[in-house]
Every structure is written in structure tokens, then in C-alpha cells.
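A look at the structure
Take a look at the letters that make up each chain.
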Amino acid sequence: MNAFAWIIALALLALALYLLYRWGTANYDYFEQRRVPYVLPSSTFGRMLTGKLHPVDAAGEGYRVYPDERFSGFFVFRQPGYLIHDPELIKQITIKDFDHFVDHSFNISPELDPFLGRSLFFESGASWKHGRIGLSPAFTGSKMRNMFELLTSYCEGAMRRLAESAEGRIEKEVKDLFQRFGNDIMASISFGMDIDSVRDPNNVFHQKGKRFTATTGIQGLKFFLVTLGGEKLLKWLGIRLTPRDVADFYLDVVSRTIKYREENSFVRPDFIHLLLQARKNILHHDQHDEKLDSAGFSTVEEHLKSTSEDSKQWTDLDIAAAAASFFFGGIETTTTMLCFAIYEISLNPDIQHKLREEIDAVQQELGDGRLTYEAMQRMKYLDMVVTETLRKWPPFGVLTRKCNKQYVMENGDGTKVTIEKGGHVQFSVHAIQRDPQYYPDPMRFDPERFSDENRHLINQDTFLPFGSGPRNCIGSRLALMQAKCLLYYLFRYFTVEISERTDVPLRLDNTALGLSAKNGFWFYLIPREI
């Protein structure tokens, strides 16, 4: 190629890049025309790509830049959206005007992924509503109590074995440890399978789960494309999100379990049993639910009520998809909660001492027995510690909604904007729950914020770790129950100290979508004399 040809080629490349830039920034005057303050992508995505800004912080940038506004604008590449700052407006959108914002900002259709598209989190519209109403009785207090024996039996046994095998102080990376514990617990609760991921670290449940929930590599890229609205591209390419062998594995496990239980009239208090009840349309709230429904300050309210028109036909594939979504959701949320709780408790010996006193007092009442659901509900300080962890380190740092019919909202200066159908809004839970106007000295870990004497000072609308409105997290009671049970037995059998390998202050992994420590959560576990 001669010099002239090179010049032409470079000129065409420059023109193509220029046109791409103009196309990508063509609507950057979107918010200026509507007199809405906004953050340009160049001020956030550049720092994200270089690892200087965590995605959760990027999502809340407008909240910090425009603290006096009810909402601000943001862009995801070319797509404009609204970041809602005002807790009252968030409540309006998620509860009072829920019919305008039924869906998450991104959903996965069964056409793209026959497995993941049937899970409650990714469903939309009527399909989501029928599934949510059908499953809500599975997460009430009475159903959680029925499962609690499975949970407490595993937690007590796992911690006791770990303490007995320890020869003095041991150093552990607890994210890996609790992911394995979570794998075993959720395999039992979701699929009715007994697994030991500590003794058998390469078991098939753990391996399939790691592939399914990967946030890096090809799997991570596919999820990233979906969050950017790339479902049509994946459909066109014929690419599904869930690896076929992973979906087939869970479907096979569920189908065989169902067949065995129905042929042998076998009953076990787990999600397979509850989903089979849903299939027979006999899964309902019972008379004990109201008494047992409170799981502490963080308990979310169920807003939807069942009608005769809301029944869903549960196939084996639907049951497998639901069980798998509980499986992975339970592991990730609980592990995140536990890691940050242990970090904060280890940095505050007075908090650890007070928590251990409560645990020892409850265990003395129980004698040689295991923790019961009712005893756990009475543990106020444990609830305060978990609640403050969720306040400072919410597992769901950002909530999103898609507008399904035109909506008008007004900013603090009286400016009104119209969100058209298909528009997006999001809420930075992370920013709101660290705002000093709602939580004084927000970076201080202080469980006393949620004591009986102080909790009336908290604006409940500013506490959103499990979301808000009918689309809140259906599994919140399960996550709280798991976290509390594991913390109970961890501090019953161990004293915990920060390892030199854990950063203080903690440095987040800015390449991860969720909250995680850059260099891991390393702690010394010191067996207690019991």
C-alpha cells in the first residue's frame, strides 16, 4: 500500500471515529433542554474504566454533585435516565405510583434464556406479578421457621467442626468460606441436597454455581450487554445467558427430586416442597404468619394480594428456575452481608463483646439445644448489628425501574419533566444510606442507631437495602435468617480479629459490580472455650 492509500485509510478511520463520537453524544443536550442538572458519562465512566471509581459510586454521582435536587440526569452511553435523590419521591415511584414502574430497567425474556427468563428477578409485567403473588407465601415467617431447623443444624455443625479442627488461631478468607457455607445451605433449602463444600470443594453444585454467576469472562460480558439493553443483539446472535449444561443440570436435579417425592410421598421443609404446593395451588399464608413475619428492622412489607386470577402453572422448568434463583440470590446477598459485618465487628471489640454476651445468654437459655427461630427473633442486638451492616454496606447498592407509562415529576425548583414509556430511573441506596442528613456520622459503624430508644429517629424511607414497594426483594427474610444464624454460631465458637492481610480502611474492588474487598476479607478465628 502506497503513502496515498495510507492517508486515505487513516482519513476514513478518523471520519468513522468522528461519526461514532457524534452519534454517541448526539443527545447529550437531552437534560439541558429539560432544565435538569446532570452528570456526563465522561466524568464517571473514565474513572470506572481506570478502576478509580466503583460502579456503585458512579451510579450515585449525581446525588453527591447535586445534593439539593430531588433528581438529576445521567447517561448510560447514549441512554438518558433519572437518578432520584428524594426519599419521598422514591416512595412515590416504587409504591404509590407503582403501576407506572412495574419492571426493573432490564429484564430477560424466556425467548433469550428459557431458564433465567423464568426467574422472578428478571421477569416482567403480568408474568412477574403472577410469580410474585404465587411465591410470596413461601417467604413468610411461618415458612422460614419450618426451614430453620435445616439451617441451624448445618450452621452449628459446620462451625463446631471448624473449631474442633483448629489448632489455635487460624487465618481465613471469609468470603470464600461463607460462599461455601452458603452453597451448602442453599443447596439444602432450595434443592433438598446435602452438600459439604468445605470437605469437597469441587462438588458439582459449587462448580456449576461459579460458572453461572461469573461476573468476568464471557459470562460477565453477556450480563453486561443485557444491562445495557443488548438483549436483541444476543437474540440475533443466538446466545443464551445460562450455559445450556448448567440449566440442564438444575432441571435434572429438580425433576428427579420431584419424581422421588411424589412417588414416595416424601416431605421435606424446603423450597421444592413449597413450589410443589404452589403447583397444586395450596401454598397460602397461614394463621401464624402475622406473629412470625417480623424479621427485625430490615423486614420488608409484601404489597401484592392474591386473587383467583393470579394463579400460575408451575412446570418442572419453572420450579427449577425459581429454585436456582433462590440458590444464587441467597448465597450472594448473605455472603456480602456477612463479610462486611465481620469486618466491622472485628474493628469494634466493644460491639463484638456485647454481641457475644447476647449470644451466650441465649445459648444458656437453650441449654444443649440449637438456636430456634423464636429465640433468634428476640435477639435485639444481633438485629441491630445486621441492620447497621445493611445500612453502611447495602448488598444492592443501586435500584432500577423502567417506566411503563408516561409519568410526570417535579424538581425542587418547580421544573416538571415527563418520563416517557421505556424511560429509566434509578436510586442510589448506597448514597442515601450514607447521607449525614439521615444518618449522622455515617461512616461510623454504630448499631445503637437502631436500638429501641433511637430507631424512631430513622426515616424508614431512607433505609432501602432490600428495595421498596411491590418489587422489593422477596427473599429478604431468608437472607436475614441465614446471616443471623451464621453470625450466631461464628461468635459462639470463635473470637474474631482482623488479619494483617485485610486493608484498614477497607479498599473496595472497583472492577466488581457488587461490593467486595480488593484484597479479600482475611480474619483470625480464635476458638473459644465452651
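All of the points below concern the structure found in this document.

Another aspect to go through is the overall build of the protein chain. Looking only at helices and strands, the protein chain features 21 helices and nine strands. By the burial criterion, 54% of the 530 residues in the protein chain qualify as buried.

On to helix H14 (residues 271–279), then. Burial analysis of H14 places seven of its nine residues in the buried class, which makes it a mostly covered element. Three or more residues of H14 are buried, namely Phe 271, Ile 272, Leu 274, Leu 275, Leu 276, Gln 277 and Ala 278. Check the buried side of H14 and you find it contacts helix H7 (125–135), helix H8 (141–165), helix H9 (174–191), helix H13 (244–264), helix H16 (316–347) and helix H21 (476–493). Sitting at the head of H14, Asp 270 places a side-chain oxygen 3.3 Å from the backbone nitrogen of Ile 272. At the exit of H14 stands Asn 281, carrying a positive phi of roughly 60°.

Looking at where Thr 257 falls in the secondary structure, it is placed in helix H13. With near-sequence residues (within four places) excluded, Thr 257 lies in contact with Phe 191 and Ile 272.

Moving on, we get to the pattern of salt bridges. Within the structure shown, the criterion is met by 32 salt bridges. Ionic pairing is found between Lys 259 and Glu 263, a salt bridge with its closest N-O pair at 3.4 Å. Taken together, the positions of Lys 259 and Glu 263, both in helix H13 and four residues apart, correspond to about one turn of that helix. On the basis of relative accessible area, Glu 263 is assigned to the exposed category, the value being 56%. We note a salt bridge from Asp 383 to Arg 455, for which the minimum N-O separation is 3.9 Å. Here Asp 383, found in helix H19 (residues 380–392), pairs with Arg 455, found in the loop between helix H20 (429–432) and H21; they are 72 residues apart in sequence, far enough to count as distant. Judged by relative accessible area, Asp 383 falls into the buried class, the value being 6%. Through salt bridges with shared partners, one network takes in Asp 194, Arg 261, Arg 268 and Asp 270.

Let us look at the packing of H19 against H21. Viewed as axis vectors pointing N to C, H19 and H21 meet at an angle of 120°, and their least axial separation amounts to 11 Å. What the angle tells us is that H19 and H21 run oblique. Along this stretch, H19 crosses H21, giving a crossing that reads as right-handed. Residues Leu 382, Asp 383, Val 386 and Leu 390 of H19 form the contact with H21, whose own contacting residues are Leu 480, Lys 484 and Leu 487. Looking at the contact of H19 with H21 residue by residue, the classes come out as five nonpolar, no polar and two charged.

In the contact formed by H8 and H9, the axes pass within 10 Å of each other and the chain directions differ by 145°. The element H8 and its partner H9 pack so that their crossing is right-handed. Contact residues: H8 offers Met 147, Leu 150, Leu 151, Tyr 154, Cys 155, Ala 158, Met 159 and Leu 162, while H9 offers Leu 177, Phe 178, Arg 180, Phe 181, Asp 184, Ile 185, Ser 188 and Ile 189.

With that out of the way, let us pick up H21. With 18 residues, H21 should cover 26 Å at 1.5 Å per step; its first-to-last C-alpha distance of 26 Å lies within 8% of that length. With respect to burial, H21 is a largely interior element, 18 of its 18 residues being buried.

We now examine the packing of aromatic side chains. According to the stated counting rule, one finds 32 aromatic pairs in the structure shown. Here the aromatic rings of Phe 115 and Tyr 250 are separated by 6.3 Å at their centres, their planes lie at 15°, and the arrangement is stacked. Here Phe 115 is found in the loop between helix H6 (87–96) and H7, whereas its partner Tyr 250 is found in helix H13, with 135 residues between them in sequence. An angle of 20° between the planes, with centres 5.4 Å apart, marks the rings of Phe 191 and Tyr 250 as stacked. With a gap of 59 residues between them, Phe 191 in helix H9 and Tyr 250 in helix H13 connect regions that are remote in the sequence. Residue Phe 191 is classed as buried on the basis of its relative accessible area of 1%. For Tyr 250, a relative accessible area of 0% puts it in the buried group. An aromatic cluster of at least three residues, connected via ring pairs, comprises Tyr 28, Tyr 30, Phe 31, Tyr 38, Phe 71, Phe 75 and Tyr 82. One Lys or Arg, Arg 169, reaches over the ring of Tyr 524 and ends 3.6 Å from the middle of that ring. Residue placement shows Arg 434 over the ring face of Trp 393; its charged tip is 4.6 Å from the ring centre.

Let us look at the environment of Ile 272. You can see Ile 272 is positioned in helix H14. Counting along the chain gives 82 residues from Ile 272 to Ser 190, while the straight-line C-alpha distance between them is 6.4 Å. The contact partners of Ile 272, leaving out residues within four places of it in the chain, are Ser 190, Phe 191, Val 254, Thr 257, Ile 258, Arg 261, Ile 319 and Ala 323.

This part takes up the sheet that holds strand S9 (residues 522–527). Picture the strands of a sheet paired through backbone hydrogen bonds; they go either parallel or antiparallel. Spatially, S3-S9-S8 is the arrangement adopted by the three strands of the open sheet, whose pairing is antiparallel. Where the open sheet ends on each side, the last strands, each with one partner, are strand S3 (170–173) and strand S8 (494–498). Taken over all neighbouring pairs, the strand axes of this sheet differ in orientation by 35° on average, direction set aside. Alignment of S8 against S9, held across five bridges, turns out to be antiparallel. Looking at the pairing, Ile 498 lines up with Phe 523 of S9. Packing of H8 onto the sheet brings it into contact with S3, S8 and S9, and relative to S8 it is tilted by some 75°.

With that settled, consider the pairing of strand S5 (residues 407–410). For a regular strand, side-chain orientation follows a simple rule: the groups alternate between the two sheet faces. By the alternation rule, side chains of S5 split into Tyr 407 and Met 409, which are all buried, and Val 408 and Glu 410, of which none is buried. Across four bridges, the pairing between S5 and strand S6 (residues 416–419) is antiparallel. By the bridge assignment for S6, Tyr 407 is matched with Ile 419. In this antiparallel pair of consecutive strands, S5 and S6, the connection spans five residues, and Gly 414 shows a positive phi of 90°.

Our next topic: a nonpolar patch on the surface. Together, Trp 6, Leu 10 and Leu 13 make up a nonpolar patch on the protein surface, roughly 350 Å² of accessible area in all. With respect to the element layout, Trp 6 can be found in helix H1 (residues 3–24).

Strand order in this open sheet of four strands is S1-S2-S7-S4, and the pairing throughout is mixed. The two strands at the open ends of the sheet, each matched to only one other strand, are strand S1 (71–76) and strand S4 (398–402). Neighbouring strand axes in the sheet, compared pairwise and without regard to direction, differ in orientation by 30° on average. Where S4 and strand S7 (residues 424–428) come together, five bridges link them in antiparallel fashion. Looking across to S7, one finds that Arg 401 is bridged to Val 425.

Conventions used here
- Residues numbered from 1 in each chain as written.
- Predicted model: local features only at pLDDT ≥ 70, side-chain atom pairs only at ≥ 80, totals over all residues.
- Heavy atoms only, no water.
- Helix = DSSP H or I, 4+ residues; strand = E, 2+ residues; numbered from the N terminus.
- Buried < 20%, exposed > 50% of the residue type's maximum accessible area, 1.4 Å probe, protein only.
- Contact = heavy atoms within 4.5 Å.
- Polar contact = N/O pair within 3.5 Å; in protein donor to acceptor, adjacent residues only side chain to side chain.
- Salt bridge = Lys/Arg side-chain N within 4 Å of Asp/Glu carboxyl O.
- Axes fitted to C-alpha atoms, helices over the stretch in contact; angles between N-to-C directions.
- Parallel < 35°, antiparallel > 145°, perpendicular 65-115°, else oblique.
- Left-handed = near helix turned anticlockwise from the far one by under 90°.
- Nonpolar A, V, L, I, M, F, W, Y, C, P; charged D, E, K, R; others polar.
- Expected span 1.5 Å × (residues − 1).
- Phe/Tyr/Trp six-rings, centres within 6.5 Å; stacked < 30°, edge-to-face > 60°.
- Lys NZ or Arg CZ within 6 Å of the ring centre and 35° of its normal.
- Pairing = 2+ DSSP bridges.
- Patch = residues over 30% accessible without salt bridge, like charges linked within 9 Å, V, L, I, M, F, W, Y side chains within 5 Å.
- Areas by Shrake-Rupley, 256 points an atom, 1.4 Å probe, with all protein chains shown as cover.

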